[in-house]
Each structure stands twice: as C-alpha cells, then as structure tokens.
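If you want the building blocks of each chain, they are given just below.
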Amino acid sequence: MRKRIAVALLLTVGALYERPGRSQSAPTVRIGLTQNASAVSVRSTQPFTVQKYQTRTAKFTIVVALAPATANRVLTRSDLQYRTIVEIDGDRIVLVPRNEKIRIDTVGNTGIEVDNRSYRGSIEVFGNSRNTFTVVNELPLEDYLLGVVPNELSPTTFGELEALKAQAVAARTYVVRNMGQSKKEGYDICSSDACQVYMGRESELPLSSQAVTETRGVIATYKDQPINALYSSTCGGRTEDAENIFDEKFPYLVSTMCEYKHPAPLPFSTSKSFPDWKDAVLTVAGVSNFSEAQQFTGLPLRGEPASTDAAALATFIRQSFYPDVLSSSDLSFLTEQGILSASGNIPLREILFRLVDRKRAFEWQQGVLVSWDGTTMRLLVDGQPKDFNLSPDAAIYQRVGDERLPMRQGSWIGGELMDFRAVGSTIQMLVYRINFANPAADRYSRLALWQVHKTRQELDAAFRPINIGSIQDMRVIERGPSERPLMTELIGTSGRRTVRPLRLRTLLGLRDSLFSFDVERNAQGEVLGMMFYGRGWGHGVGMCQVGAYGMALDGATYEEILKKYYKGIELKKLY
C-alpha cells in the first residue's frame, strides 16, 4: 500500500510518463496477481481458448521432463527441462514450454476466475525463472481502479463519495507514475499492499465505482508531472515529511495536521514552572528533608539522620520508612529497592524523591479532559465526570514519551489524557499528553489511538537482528513535526545502535512509527518491559485515508482533500 519508494524508479519516472493527448481511452495496465504459484486454476462460464483449444476450465502445473537419452546415467541440473502442463476440461492435457505466455481473453462481461477470484480483462499465465507461475491481469486502467478503491478505502465503513473520489485520484496517480516498475517480472505493478490492494471485479461496490467514474482520467500533478501519491490508513493526527520516513524529499509530501474544522483552543497558564520534574514533585509534596518526607508519607516523625555515612543513613531510612522490614543489611535492602546505591554519593533531593515515589505517597489520579473554561476543569475520572479547580501556580507538564516538558502556558482542545494530583478539588500538579485524535479527521479509525506492551523477552527477540544484546534502555534522539521518532538510540548489554523510524517500527512490529513509550524497570533498574502508546496505522506520509473520510464528513470536496495532504499540487485530466 504505497510503501516502497524505489530510487531507480524515481530517477526514471520522467521517461515512464509521457503526458498523453486528451484521448477518450484509458491506458492498459498489467497487474501481477501472483509471482510464485505452484499451480493455477482458471475458469469461466463462457468458453475461452488455450492454445487453440476451447474450454471452460484450465489448470496449470509445472513438471520436470527428461529426454530418453538421459536414461541410466548420472544427471546434472542442465538435463532437467521444465514444462507447463495445462489440463483443460479435466481430461485433456496440453504441454507447452515453461516460459510461454498463455493468454486468456474474456468473452463479453463475464469475467475470468483465477483461483476462485473473478477479474475483468485478460489473464496471462507463464512460468518464471523460479519454476513457478506468474499470473498477470491485463485491463484498462479505469476498470482496474474499480477493484482497487473499495479495497483501499471501504465504502461500507467509510461511505463518503468525496473521500472515495480522493482515493480514486490518488490510486490512479500512483499507477500512472509507477507504470512499468515491475517490467522485468512481466507486469506493471503488483496487486498487494506493497503497491495497491487489488481484489478484482467481485470486490467492486457501487459507491466506489461511482467515485472512479466521476473522476475518470484525473490525476494529481506537481510541476506538470504525476506525483508519488503515497497514502496510509491512519496518520495519527498529523502526517510526516517524506524525507523523515523514506529518506527522499518531495515538496508536496510534507507534514500537515490531519484536520478540517479544528475546535477552538482552550488556553491555560501557570505562574510557576519547574524545569526539573523531580523538583516539582518534591515542592508540591512540601518535602525538603527527611522529617517532611516522613510526614508526607504518613509515618511517625523520627527527625533527621545523625550521620550521612552510607551504613548509618541506610539504617535510619530503613527504620524510618520501612519499620516492619527485617533485614540483615539495611544498605543491601535499600539498594534493592532502588533508594540508595552501594557506592553512595546520591544527592539528598534524589533520595527524597525516590522515597516519595517508591512509597507511592504522591497520589496520582488519571482522567480525560472534557471541558476547561480557564478556572474549572471537568475530567472524566473512572468513567464519571468530575469538576476540579486548577491552582494558578500548578506545576504543568506535557508528556512526550518518557520526557516531561514544563509548560508555563499552552492550550488544550479536549480529550487530553491527564495524570494529576489534587488536594480536595484543587489540582496542584498535572501531566498531559497532546491529543490529536479529538479534532483529527482520522479520529474515526479504530487505530487513531492504540497501546501495546512488550516484555523484555519480546524486546530482546525483536532487537536481535541489530546485535545489541539484552535491552537496557531506549531513548528518542529526535522527533519530526508529527512527533514520530526520527532517530532512536537502542542501548543493550552488547552495544548501542541508532535506528530510523521504519526500521524501528518493523523490528517492534508496531502499527505505526508514531508512538511514545514507558520503560518498566525493577528495583535494580533492569528493564522488565515497555509500554508503547501509539497513534495511526501505516507510514504516515501523504494522504491519510480515514482522514479523507473525516474531511468529507465535514463537507470537504475531493479536490480540497487532495490539496490538503499533497501540498502545491494541481489536478489534471489525462483522458
């Protein structure tokens, strides 16, 4: 589905595309239905011809033939001769050379059935260098699109004519630009999602066929050349620059918000900002020493430690904060808990933060923003709406992956996921994730938001091809305009590697490269797993298919849809 950008093809596309005169006939395209079939069955309700013989059924298989002179001697591979056998009507056999192209033409509008799927146009079957069969469907471009559009954007689920028209133009443009990319294999383009999904005549539906008919011959161009009309299912709220995903720059494939009618922003501000997240937690908690930490965690006051010696400090902390724990070594116990280290030298502030965090004394709640009027915030908490006041000096952070970015001001649109600490009905601190799904035109996709958990074992297996050993950490070095990680460093026991977005997505088996993540660790800091919070499905470049549907629902025309996702283009009619 528009996923490959072949450099050689891009260099020669000008030669492949010659702008035709405004004739009324659509060009013919050759679609590779399969390239590795061990057997092929063809049938039709009307008679067709195979090697001058009429039949309604034909089964193709490849056999090995040997000349009589090869009897009773040791053979080499050069002695093996592959032939195609065609069984017609079940009881007659025609023997032909392996690579001879056998063409089957339809009679009338009945179609030809290949392996239980019906197609318009003609069918060619021929053996290839792999000693398997290649099957090609040759038909007019407009007939081909009838079997593409409903499979790329389902009219049943996304039944908006203007969106389907946009899909028809994108699919037509893709074929015109990429015509002949598989010429060496005997066809123009494939029928899978490596090119465009084509399922033949029985997949055709009235609304998608109408979209093809009403945009007949129309393609998208940039500087009078057909564009590389990439598209994906769900962009996750914003598309990405092509060069950040495919390492090829196109002036019309640039990042854009996937929205048509954006809701009014809801501005917020705070009088305080804490660059360091841990400082904010301790300030909100009112903790600057061990006595205040004891009070905040609800433990009896034991004052401050008499000594900062590692062993003495460990004993004080264990007795003050873990009074019910019996341990032969307080330092070993607190090291296991991730509060102290055997080597010491941990700042007081860090120790206090770890105590508050490990004791879960900082009580976080989670909710989704429903409304905000500058004073009162309504959040959906555990499925129930609740009203809170936002403190004018609240510590506010935006979360991107493991990072928490301090915000003095900004805006919300509703639907943001928020972690917050409230005393009574007043929020003292909150952390939010940007919500692209609420206003985004692709919010109608079931994959506008998703999350996936991976265990350490699954992560180690996923990263085995890049030889980093057992995973120790992962960090995003750079993100693109859509927030997709453009360069990510993977750190393991055997080394570290930086990977690009498509590679990382493939290694992890994620739906999209648009994600943030949390690393789960044990008390010793070892990785237990990762939770990935993602948006979208696909590579996220070019037209967002579900976004096109959302725009159409809001009244956009197919031309407006295409010009939003492909910047600076013009629509032109070829025939």
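Just above sits the structure.
Treat the numbers as computed from the prediction; the structure is a model and nothing was measured.

A. Representation of the sheet that holds strand 11 (residues 189–190) within the structure. If you trace the five strands from one edge of the open sheet to the other, you get 6-9-10-1-11, paired in mixed fashion. Since the sheet does not close on itself, it has two edges, and those belong to strand 6 (102–105) and strand 11, each with one partner.

B. Structural detail: the state of the cysteines. Under the defined criterion, the tally for this structure stands at one disulfide. Counting only cysteine sulfurs, cysteine 258 is the nearest neighbor of cysteine 235, a cysteine outside any disulfide, at a range of 3.7 Å. The class for cysteine 235 is buried, based on a relative accessible area of 0%.

C. Fine view of the packing of helix 4 (residues 161–178) against helix 14 (residues 545–553). Put simply, helix 4 and helix 14 touch, their axes get as near as 7 Å, and they point 140 degrees apart. Viewed along their axes, helix 4 and helix 14 form a crossing whose handedness is right-handed. Two secondary-structure elements touch here, helix 4 through Glu162, Ala163 and Gln167 and helix 14 through Gln545, Ala548, Tyr549 and Ala552. In terms of residue class, the contact of helix 4 with helix 14 is made up of four nonpolar, two polar and one charged.

D. Molecular detail of the pairing of strand 5 (residues 92–97). With six bridges connecting them, strand 4 (residues 81–88) and strand 5 associate as antiparallel partners. Looking at the pairing, isoleucine 88 lines up with arginine 92 of strand 5.

E. Examining unusual backbone geometry more closely. Backbone geometry at lysine 52 places phi at a positive 75 degrees, although glycine is not the residue there. By the secondary structure assignment, lysine 52 is in the loop between strand 2 (39–50) and strand 3 (53–65). A positive phi angle, near 70 degrees, is found at aspartate 224, a position not held by glycine. Summarising the element assignment, aspartate 224 is placed in the loop between strand 12 (218–222) and strand 13 (225–226). Overall, the relative accessible area of 30% leaves aspartate 224 in the partly exposed class.

F. Representation of the pairing of strand 17 (residues 376–381) in the model. Side-chain alternation along strand 17 places Met377, Leu379 and Val381 on a buried face and Thr376, Arg378 and Leu380 on a face that remains uncovered. With four bridges joining them, strand 16 (residues 365–372) and strand 17 adopt antiparallel strand pairing. Residue pairing for strand 17: tryptophan 372 is matched across the bridge by methionine 377. Remark: three residues form the turn of the hairpin made by strand 16 and strand 17, two consecutive strands paired antiparallel; glycine 374 in that turn has positive phi of roughly 100 degrees. As judged from the six bridges shared by strand 17 and strand 18 (residues 384–400), these two strands associate in the antiparallel manner. When the sheet's bridge partners are listed, threonine 376 is paired in strand 18 with asparagine 389. Where strand 17 folds back on strand 18, the antiparallel hairpin that results is connected by two residues, among which aspartate 382 adopts a positive phi of roughly 55 degrees.

G. Just helix 5 (residues 206–214), in detail. Regarding helix 5, the residues found buried are Ser208, Ser209, Ala211 and Val212. Relative to the axis of helix 5, the buried residues are bounded by an arc of 155 degrees and lie together on one face. Seen from the open side of helix 5, the exposed residues pointing more than 90 degrees away from its buried face are Pro206 and Thr213. For helix 5, the elements touching its buried residues are helix 2 (141–146), helix 3 (149–152) and helix 4.

H. Structural view of the sheet that holds strand 24 (residues 471–479). Pairing in this open sheet of three strands is antiparallel, and the strands run 24-25-26 from one edge to the other. One side of each edge strand has no neighbouring strand; the edge strands of this open sheet are strand 24 and strand 26 (495–499). Mean inter-strand twist for the sheet, computed between neighbouring axes without regard to direction, equals 15 degrees. Sheet analysis places strand 24 next to strand 25 (residues 485–492), joined by seven bridges and oriented antiparallel. Pairing of arginine 479 across the sheet is with proline 485, part of strand 25. The strands that helix 13 (residues 501–508) touches are strand 24, strand 25 and strand 26; relative to strand 25, the one it contacts most, it runs at about 50 degrees.

I. Inspection of the packing of aromatic side chains at higher detail. Applying the stated criterion across every chain, the model contains 21 aromatic pairs. A ring pair is formed by phenylalanine 158 and tyrosine 549, whose centres lie 5.1 Å apart and whose planes are at 70 degrees; its orientation type is edge-to-face. One end of the pair, phenylalanine 158, is in the loop between helix 3 and helix 4; the other, tyrosine 549, is in helix 14, with 391 residues separating them in the sequence. The burial state of phenylalanine 158 is the same as that of tyrosine 549; both residues are buried.

J. The nonpolar core, seen in detail. Judged by nonpolar contacts, the single largest core of 87 residues is most densely connected at Phe60, Tyr144, Met543 and Tyr566. In terms of residues, this core owes the most to one element, helix 4, which gives ten residues. Core analysis: the second largest hydrophobic core is formed by 34 residues, Leu299, Phe316, Leu355 and Ala395 among them.

Cut-offs used in this document
- Residues numbered from 1 in each chain as written.
- Predicted model: local features only at pLDDT ≥ 70, side-chain atom pairs only at ≥ 80, totals over all residues.
- Heavy atoms only, no water.
- Pairing = 2+ DSSP bridges.
- Helix = DSSP H or I, 4+ residues; strand = E, 2+ residues; numbered from the N terminus.
- Disulfide = S-S within 2.5 Å.
- Buried < 20%, exposed > 50% of the residue type's maximum accessible area, 1.4 Å probe, protein only.
- Axes fitted to C-alpha atoms, helices over the stretch in contact; angles between N-to-C directions.
- Left-handed = near helix turned anticlockwise from the far one by under 90°.
- Contact = heavy atoms within 4.5 Å.
- Nonpolar A, V, L, I, M, F, W, Y, C, P; charged D, E, K, R; others polar.
- Arc of directions from axis to C-beta.
- Phe/Tyr/Trp six-rings, centres within 6.5 Å; stacked < 30°, edge-to-face > 60°.
- Core = buried A, V, L, I, M, F, W, Y, C linked by side-chain atoms within 4.5 Å.

So yeah, pure geometry; function would need other evidence.
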